[in-house]
Amino acid sequence: MPQSTTAVIERDRRSRPIILVAIIALAAFFGAFIAPSVASAEQNPNIKVETTDFTKSSETGEPRDGAVSKLDYAKYAFTWDASNADPKPGDSFVIEFPKEFALLETITIPLRASGGDEAGECVVGDGKATCTFNEAVVGKTNIKGSGEVILQARETTESNTVDFNLNGETKSVPLPDNQPIGVRERQYEPIVPPEKWAETVRPGDTEIDWWVAFNAGEVLKDPEQQADSVTITIVDTLSSTHSYETDLSKWQLMGYATKTQPQDQGVLITDATGADQGVAGYGSPKLDVKIDGNQATITITGSLNPDANYTVKYLTIPSGGSVKPGVVYSNSADVQGKTVTQSTQYIQTFKITVEMEDGFGAFDVTKLIQGDGASSVSSDTEFEVVASWTLPEGKTEADYAGWTAPQNPIRLQVKPGDTVASPVSLPVGTVVTLTEDANSANPAVPDVTWSDPQFAVKDGESGNSVSFTIENKTQTAVNLTNEATKIPEPTPTPTDTPTPEPTDTPEPTETPTPEPTDTPEPTETPTPEPTPEPTDTPEPTDTPTPEPTPTPEPTESPTPTETPIPTSSDDDTPEPGESDAPSPEPSNPQQTTDKPGLAQTGAADFAPLAAVAGLFLLAGLSLVALRTRTER
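Residue numbers run consecutively from 1 along every chain, following the written order of its sequence. It should be noted that, the model being predicted, local features are given only for residues of pLDDT at least 70 and side-chain atom pairs only at 80 or more, the latter also being counted only at that level, while totals for whole chains, interfaces and linings use all residues. The side-chain numbers reported here are obtained from all heavy atoms of the structure, hydrogens and water having been left aside.

A. Summary view of the sheet that holds strand β29 (residues 431-436). Only strands joined by at least two bridges in the DSSP assignment are considered to pair. The helix and strand labels rest on DSSP assignments: H or I over at least four residues marks a helix, E over at least two residues marks a strand, and numbering proceeds from the N terminus. Strands sit in the order β26-β25-β29-β33 across an open sheet of four strands; the sheet is antiparallel. The sheet terminates laterally at β26 (410-414) and β33 (466-469), the two strands that pair on one side only. Neighbour-to-neighbour, the strand axes of this sheet turn through a mean angle of 25°, independent of strand direction. Of the pairings in the sheet, the one linking strand β25 (residues 383-390) to β29 comprises six bridges and is antiparallel in character. Looking at the pairing, Ala387 lines up with Leu434 of β29. Convention adopted: a line fitted to C-alpha atoms gives each axis, helices being fitted over their contacting stretch, and angles between N-to-C directions are expressed from 0 to 180 degrees.

B. Focus on the nonpolar core. Within the largest apolar cluster, 44 residues are counted, with the highest numbers of intra-cluster contacts made by Ile234, Trp251, Leu287, Ile300, Tyr310, Ile369 and Trp450. Every element with two or more residues in this core is listed here: β13 (208-215), α2 (216-219), β14 (230-238), β18 (286-292), β19 (295-302), β20 (308-318), β21 (329-335) and β30 (448-450). A contact between two residues is defined here by any heavy atoms of the two lying within 4.5 Å. The residues contacting Ile369, other than those within four sequence positions of it, are Gly326, Val327, Val328, Ala374, Val377, Phe383, Pro416, Trp450, Asn482 and Ala484. Definition of nonpolar core: a set of buried residues of the types Ala, Val, Leu, Ile, Met, Phe, Trp, Tyr and Cys, connected through side-chain atoms within 4.5 Å. Burial classification: accessible surface area is computed with a 1.4 Å probe over protein chains only, and a residue below 20% of its type maximum counts as buried, one above 50% as exposed, and the rest as partly exposed. Counting residues in each nonpolar core, the second largest holds 38 residues, with Val49, Ala85, Phe97 and Val162 among its members.

C. The arrangement of the pairing of β18 in detail. Bridge analysis of β18 against β19 gives seven bridges, and the strand direction is antiparallel. Each residue of the ladder has a partner; that of Asp292, found in β19, is Gln295. As consecutive antiparallel partners, β18 and β19 are separated by two residues, and within that stretch Gly293 has a phi angle of approximately 65°, a positive value.

D. Layout of the state of the cysteines. To count as a disulfide, a pair of cysteine sulfur atoms needs to be within 2.5 Å. Throughout the structure, instances matching the rule amount to one disulfide. Disulfide pairing is shown between Cys122 and Cys131; the S-S distance is 2.1 Å. Because the sign of the S-S torsion sets the handedness, a value of about 110° for the bond joining Cys122 and Cys131 places this disulfide among the right-handed ones. The buried category is assigned to Cys122, whose relative accessible area is 0%. The class of Cys131 is buried, set by a relative accessible area of 2%.

E. Fine view of the packing of aromatic side chains. Ring pairs are drawn from Phe, Tyr and Trp, using the six-membered ring of Trp, whenever the two centres fall within 6.5 Å, and their geometry is named by plane angle: stacked under 30 degrees, edge-to-face over 60, tilted for the rest. Tallying each qualifying case throughout the model produces 22 aromatic pairs. Seen from their ring centres, Phe54 and Tyr76 are 5.8 Å apart, and the 85° between their planes marks the pair as edge-to-face. Within this pair, whereas Phe54 is found in strand β2 (residues 48-57), its partner Tyr76 is found in strand β3 (residues 73-81), the two being separated by 22 residues in sequence. Both residues of the pair, Phe54 and Tyr76, count as buried. Note on Phe78 and Phe350: the rings are 6.1 Å apart at their centroids and 35° apart in plane angle, and the pair reads as tilted. Separated by 272 residues along the polypeptide, Phe78 in strand β3 and Phe350 in strand β23 (residues 350-353) bring together distant segments of the chain. For the pair Phe78 and Phe350, one class covers both residues: buried. Members of the aromatic cluster, joined through ring pairs, are Phe54, Tyr76, Phe78, Phe97, Phe101, Phe164 and Phe350.

Right, here's the structure in full:
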């Protein structure tokens, strides 16, 4: 009997809540996997950021005097204070740098707060630094610290100030030397004595620029040299952490200002292939380069301008193919008997340090690696630096209100190229002694041996172990260099070189070539004896002689010997070559390194199962709804 429309509509209404519940359950089910695992970053405007210093510097942060010109470097120092901001996980503060300046690198580093806790991280790039707190700030107070960054001037200004946005507040900051950014007016200054320059490197760089600079007039002081016919010899030597670029077109002789052309900088004159550029004002020199391992002999001949500076520019290739953090790349050159030396390594251009309170100070350690085994040391290798400390005489922890003494000794884990600060501030006058056992490297580096560590306190002592005294509101910088010497793999080969084995060569005495005396044995095989038998054979020769004629066919049986089985093995030999084809497979592991999303890993792997389970859940609930409708 047909049901009424009203009844059907009523059952539809009753079944809709069941379907709706199924959809909501399914949405919640998937939402559990889609929801982010960490709170999104939110800028906390109550975190205070203040400027403490803005000065001219080198690219590595060394102080320089005077105003900043376009392309010069400057160091900006600041403090940050979240003590009254009630920071929560996910809260952040942001520093936006002036548009007239550029950051030197994109980098992510730990954010360390009072007590040395790693309270988050700072992401530096795209003209700003964003520092975000993690769960470590929960329940903490007095969260504050300081930092610094190296910037490069990219634009000129008319004003003697530039604007920084310090966590939401725009503040005008005086430029170094309280002068606008201008254009450097170059003046001709003879480069005397010769100099060597090196490019500051960044991790991943595949080549390093080097220059040897000299003044022609200084060279021509040698009575054996003539302006129209000079011969200058430069012997250049590399450390074992890099090698020369062998493309001679990249070995270039350049003009670097003359008395009448002071603005010249890096004017290409010629290269080692002989590709002269016909540049006026620098004579007509030729450049010749001979490379022998880690040494290059550079010869400049022809005519030079006595009132000009010249540079030889060339490239080196870092061991392992790219620059690694903490590895030192050094180079020396003998220019007509005068030696100049230079080195370069990656130096982090943004730092966040621990809190500095009056009456306290701190220290940090920067790790460097050199030697021919440096390329074997991963940038993730950790070394343990032990810092023993002694309070000023007669003082105890109780004498410093609010200060909690750290463990003694303090143990720092430092990676190549990293700078790690002491976990807490120490009272002024505390004596700190640093030591290290390079064999503590984790993971171990099995194919190198380590020399004694070399500590160097900035403007202080150096040695295998160093001691220094904590100064008020000062972070003492210490460099720690380890030399890694590669263990030569061919050490077993000398065991192969026992040329005394030729003592076995007397075995040729065993080669009794007289054994051919055995060959007379065939003479013993009196083939003439069978010959009388063939005298009998003439009888069969009449009848079966035609049959023996087919017997030569078996002589064709040697053709199997012609079947060159080795040729088939030759066909097989390319197969091992094909087995080399999978070599691109290592590119896959590199792709895996592009998956930093650790927080999403579990959900991403479970997503397919979740989808299937959700479909089954939806199907089951829909079936229940359909059955309910049918029954009613």
